[in-house]
Amino acid sequence: MKSTQHYNRAYFWAFISALVLCWSPSNLLAYLAPLISVAIFILLSGSHTVVRNVILWFLAWGIIITLYIVLTPGFIIHSALFSILTYSSFFVVVVIPGRFVASLDLLDRMLVWTRGFVIIEALVGITQGLYGFSRTGTFDGANGDFVEGTIHPALAPELAFSNSMFAINMALLLVALLPDLILRRKGIVAVLLGSLSLILASVLHVLLMLGAAGLVAILLYWPVSLRRRTTYLAAAGLVVTTILAFFALRGNFNTANAFARQLLSGESYRSRAIERAVVEMPKDYPLLPLVGLGPGQFSSRAGLIGTGLYFGGPVYARPLPFFPQGMSQAFEDNTLDLWVAYARLIARSSGSGSTHQPFLSWLSVYTEWGILALAAVFCFTIYLLISVRLVIYSYPQRVLASSFGTGLLLILLLGMQENYWEVPQAILVGLMILKVQYAVLLHPETRNKQA
């Protein structure tokens, strides 16, 4: 039987590979990062358990796709196969057992490298933001598009998705670093630089969702810990950061009000897509509310890639060579027109905002997997949060639990903005840290060490 240290070492190098690949400029390598990370873990650990779990994972996908082929006329097989790749961030955290990574030493080693990466990426992002300021004369508005880190290392903005992926990665890594800062005063430089770069990136939905997730986590895990001096210092830092973000990004905050009015009034492409999926489509697809249309058959990232119109957008499409193209009838009838209209709007404004687009993970899971699957996601998230709440007692445990809860809730909330659950480059590294945090909090031996 292999030692825990053996598995810890394998997971550590799997994590480092994910960290490097997800911050790299290559979107293809980032999509392959989950598979590469698991392969590295298996090679270094030789775990038969993980090999078995990998086989079961792909077998389950095969069975699911086969069932939907039977249930859904005109099923687009290649888009369903893309789903296996786009949802592969969860592949890593599912196939590697939690008991293999329940180690404070492992978490410490991961955070050492995380601090280094945050400093490097923050410095690159701040440089890009200052360059943008030199061109635009403001830190507000579209200046945040310049901040992309090494995901797009050039000074000129890519005007695609790199800015959002930078912000999500940075937010998740900063949340992971906070317990060490609060408990041991480690990583203050990384947190300060990372926070500044996150503000300069000005991805407003990430900032707002991060704040909401943090508030819920604090209320859930910290009610008896507010007397500590470090907690007051952390709260003061949060207030200062919030004020700085508001004044630096006042224009962007004002646009949030306009978007909320459009969404509630049904004028946005997003609200029209949701109305069609919830109200109109069940008339033509009676099974949709219960079990959905199948993976990759509607507005998921896999479904969009499968159309051949995703890369470059439907206006300036760059189809993947050697891959089939096609879309389900349901997508063509109910979302294609909204997607094209949104793409033309973005092309005219030379922007890359995701706020008005007609697809998001919550909607994609509902339309492709059904309301039962979407409910399962929410119920499982609640289960994870409560299971941690039931076993923590000491102040250090509450601090770590607050970090875990914030990261978990942030990923959940991101699902109502874009198809982020299918972007390994944005969420994989955060998920791998969350897995270790959860294992540490739930494992008896590590709980005792924290106390």
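This report concerns the structure included in the present document.

The rules behind each value
Residues numbered from 1 in each chain as written. Predicted model: local features only at pLDDT ≥ 70, side-chain atom pairs only at ≥ 80, totals over all residues. Heavy atoms only, no water. Core = buried A, V, L, I, M, F, W, Y, C linked by side-chain atoms within 4.5 Å. Buried < 20%, exposed > 50% of the residue type's maximum accessible area, 1.4 Å probe, protein only. Contact = heavy atoms within 4.5 Å. Helix = DSSP H or I, 4+ residues; strand = E, 2+ residues; numbered from the N terminus. 1 Å grid on protein atoms, 1.4 Å probe; cavity = no way out; pocket = protein on both sides within 12 Å on 5 of 7 lines; lining within 4 Å. Points joined across faces, edges and corners; volume = space filled by probe spheres on them. Nonpolar A, V, L, I, M, F, W, Y, C, P; charged D, E, K, R; others polar. Expected span 1.5 Å × (residues − 1). Bend = angle between axes of the 7 residues up to and from the residue. Patch = residues over 30% accessible without salt bridge, like charges linked within 9 Å, V, L, I, M, F, W, Y side chains within 5 Å. Areas by Shrake-Rupley, 256 points an atom, 1.4 Å probe, with all protein chains shown as cover. Salt bridge = Lys/Arg side-chain N within 4 Å of Asp/Glu carboxyl O. Phe/Tyr/Trp six-rings, centres within 6.5 Å; stacked < 30°, edge-to-face > 60°. Lys NZ or Arg CZ within 6 Å of the ring centre and 35° of its normal.

1. A closer look at the nonpolar core
Reasoning step 1: Ranked by internal contacts, the top residues of the largest apolar core, which has 127 residues, are Y11, F41 and I96.
Reasoning step 2: Residue contacts for Y11: discarding those within four places in its chain leaves F41, I96, V101, L106, M110, M432, K435 and V436.

2. With respect to the environment of W113
Reasoning step 1: Tracing the sequence through the fold places W113 in helix α6 (residues 104–136).
Reasoning step 2: For W113 and F12, which are 101 residues apart along the polypeptide, the C-alpha to C-alpha distance reads 10.0 Å.

3. A few points about empty space enclosed by the protein
Reasoning step 1: Per the stated rule, a full pass over the model turns up two cavities of 30 Å³ or more.
Reasoning step 2: In this structure, the largest cavity encloses a volume near 50 Å³.
Reasoning step 3: Surrounding the largest cavity, L172, V175, A176, S403, G407, G430, I433, L434 and Q437 form its lining.
Reasoning step 4: Those elements that provide at least two residues to the lining of the largest cavity are α7 (162–184), α19 (395–414) and α20 (424–442).
Reasoning step 5: At four residues, α20 tops the list of elements feeding residues into the lining of the largest cavity.
Reasoning step 6: When its residues are assigned to classes, the lining of the largest cavity shows five nonpolar, four polar and no charged.
Reasoning step 7: A volume near 30 Å³ is recorded for the second largest cavity.
Reasoning step 8: Taken together, I76, S79, G296, Q297, F298, G303, M327, S328 and F331 make up the full set of residues lining the second largest cavity.
Reasoning step 9: Classifying every residue of the lining of the second largest cavity by side-chain character gives four nonpolar, five polar and no charged.

4. Considerations on helix α2 (residues 27–45)
Reasoning step 1: Under the 1.5 Å per step criterion, the end-to-end length of α2 is 27 Å for 19 residues, consistent within 8% with the ideal 27 Å.
Reasoning step 2: The sharpest bend along α2 comes to roughly 50°, located at A33, with the proline P34 sitting one to four residues further on.
Reasoning step 3: Along α2, the residues classified as buried are A30, Y31, A33, P34, S37, V38, F41 and S45.
Reasoning step 4: As for α2, its buried residues are in contact with α1 (4–22), α3 (48–71), α4 (77–86), α5 (89–95), α14 (301–306) and α20.
Reasoning step 5: Once α2 finishes, G46 follows within two positions and takes phi at roughly 65°, a positive value.

5. Focus: a nonpolar patch on the surface
Reasoning step 1: Where nonpolar side chains cluster on the molecular surface, the patch consists of L56, L59, I63 and L67 and spans about 390 Å² of accessible area.
Reasoning step 2: In this structure, L59 sits in helix α3.
Reasoning step 3: Accessibility expressed as a relative area gives 49% for L59, which makes it partly exposed.

6. A look at the packing of aromatic side chains
The geometry of an aromatic ring pair comes down to the distance between the two centres and the angle between the two planes.
Reasoning step 1: Here the structure, examined in full by the defined rule, presents 24 aromatic pairs.
Reasoning step 2: Between F41 and F100 the ring centres are 6.4 Å apart and the planes differ by 15°, which places this aromatic pair in the stacked class. Of the two residues, F41 is situated in helix α2 and F100 in the loop between α5 and α6; the sequence distance between them amounts to 59 residues. In this structure, F41 and F100 share a single accessibility class: buried.
Reasoning step 3: An angle of 35° between the planes, with centres 5.5 Å apart, marks the rings of F404 and Y438 as tilted. Taken together, the residues F404 in helix α19 and Y438 in helix α20 connect sequence positions 34 residues apart. Just as F404 is buried, Y438 falls in that class too.
Reasoning step 4: Just above the ring of F161 sits the side chain of R301; from NZ or CZ to the centre is 5.0 Å.

Purely geometric numbers; function is a separate question.
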